[in-house]
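# Notes for the structure review
Chain by chain, the residues:
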Amino acid sequence: IGCFLGGLLTFFVGIPFSYLGAITRLYYGPDSATADFTTDSCSIALGLPTCALWNPDPDAFIKLLTHEAPPFLGGWCLIGIVAASMSTCDGAILAMGTVFSHNIMRNSRHFLPCVKTSFVTESNLLLMARVVSVPLTCISALIAAFYRSNHSAGATG
């Protein structure tokens, strides 16, 4: 019965949310009243008298959720986006703390002779992973807050 309930929940939640991209294109796509075009972008290359390139709005989905969608649905989607972002960050922060404690602290006695073997225990490594996660989180938040990408989609690569 759990599989059937999961399938129904996926159907009633997943299907409506999967149409949000199509609805965004309807309200902010090339056929909408708010569409923006760069004229004469390809007329010379194609030998046409005139041509235009559609300039997609990078904030179209957020505008859809805050202006066009019902407040409950828009808020629910924005909460889902924040929750997914926090879930991703949580795993990355945990991985950074674990890598630091297990790869650096466990091998620190090789390059720092003052660290005793009795200091590198499982409980100390766990404590070190937890303690180091706080400054790593602060550094990551500062990088995320002040980094500006030159890429049109905001990509970091």
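The coordinates are above.
Residues numbered from 1 in each chain as written. Predicted model: local features only at pLDDT ≥ 70, side-chain atom pairs only at ≥ 80, totals over all residues. Heavy atoms only, no water.

## Digging into the overall build of the protein
In terms of regular secondary structure, the protein is built from seven helices and two strands. Taken from N to C terminus, the helices and strands of the protein fall in the order α-α-β-α-β-α-α-α-α. Relative to its 157 residues, the protein shows a buried fraction of 15%. Long-range pairs, those at least 24 residues apart, make up 38% of the contacts in the protein with a sequence separation of at least 6. Looking at the protein as shown, the accessible area adds up to about 11900 Å², and 70% of this sits on carbon and sulfur atoms. (Helix = DSSP H or I, 4+ residues; strand = E, 2+ residues; numbered from the N terminus. Buried < 20%, exposed > 50% of the residue type's maximum accessible area, 1.4 Å probe, protein only. Contact = heavy atoms within 4.5 Å. Areas by Shrake-Rupley, 256 points an atom, 1.4 Å probe, with all protein chains shown as cover.)

## As for the nonpolar core
By size, the foremost hydrophobic cluster in this structure holds six residues: Leu-20, Tyr-28, Ala-60, Leu-64, Leu-65 and Cys-77. Broken down by secondary-structure element, the contributors of at least two residues to this core are helix 2 (20-28) and helix 4 (60-68). For this core, the element with the highest residue contribution is helix 4, accounting for three residues. (Core = buried A, V, L, I, M, F, W, Y, C linked by side-chain atoms within 4.5 Å.)

## Topic: the packing of helix 5 (residues 71-105) against helix 7 (residues 122-146)
Two numbers describe how helix 5 lies on helix 7: the axes approach to 7 Å, and their chain directions differ by 130°. Judged on the interaxial angle alone, helix 7 and helix 5 are oblique. As helix 5 packs across helix 7, the resulting crossing turns out to be right-handed. Where helix 5 abuts helix 7, its residues Ile-93, Met-96, Gly-97, Thr-98, Phe-100, Ser-101, His-102 and Met-105 lie against Glu-122, Leu-125, Met-128, Ala-129, Val-132, Ser-133, Leu-136, Thr-137 and Ser-140. Of the residues in the contact of helix 5 with helix 7, the class split is nine nonpolar, seven polar and one charged. (Axes fitted to C-alpha atoms, helices over the stretch in contact; angles between N-to-C directions. Parallel < 35°, antiparallel > 145°, perpendicular 65-115°, else oblique. Left-handed = near helix turned anticlockwise from the far one by under 90°. Nonpolar A, V, L, I, M, F, W, Y, C, P; charged D, E, K, R; others polar.)

## A word on the side chain of Ser-32
Note that Ser-32 resides in the loop between helix 2 and strand 1 (37-39). On the basis of relative accessibility, which here comes to 14%, the residue Ser-32 falls in the buried class. A polar side-chain atom of Ser-32 sits 2.8 Å from the main-chain carbonyl oxygen of Gly-29. Once residues within four sequence positions are removed from consideration, Ser-32 is found in contact with Leu-26 and Tyr-27. (Polar contact = N/O pair within 3.5 Å; in protein donor to acceptor, adjacent residues only side chain to side chain.)

## With respect to the packing of aromatic side chains
Tallying each qualifying case throughout the model produces one aromatic pair. Centre to centre, the rings of Phe-72 and Trp-76 are 6.2 Å apart; their planes meet at 15°, and the pair counts as stacked. With Phe-72 and Trp-76 both in helix 5 and four residues apart, this pair spans about one turn of that helix. Assessed through its relative accessible area of 68%, Phe-72 is described here as exposed. (Phe/Tyr/Trp six-rings, centres within 6.5 Å; stacked < 30°, edge-to-face > 60°.)

## Here we look at helix 5
Across its 35 residues, helix 5 extends 49 Å between first and last C-alpha, which sits within 8% of the 51 Å expected from 1.5 Å per residue. Residues of helix 5 that are buried: Gly-74, Cys-77, Gly-97, Ser-101 and Met-105. (Expected span 1.5 Å × (residues − 1).)

## Describing the packing of helix 4 against helix 5
Look at helix 4 against helix 5: their axes get within 8 Å of each other, and the N-to-C directions meet at 140°. With respect to helix 5, the axis of helix 4 lies oblique. As helix 4 packs across helix 5, the resulting crossing turns out to be left-handed. Each of Phe-61, Ile-62, Leu-65 and Thr-66 in helix 4 lies in contact with helix 5, whose residues at this interface are Gly-74, Cys-77, Leu-78 and Ile-81. Tallied by class, the residues present in the contact of helix 4 with helix 5 amount to six nonpolar, two polar and no charged.

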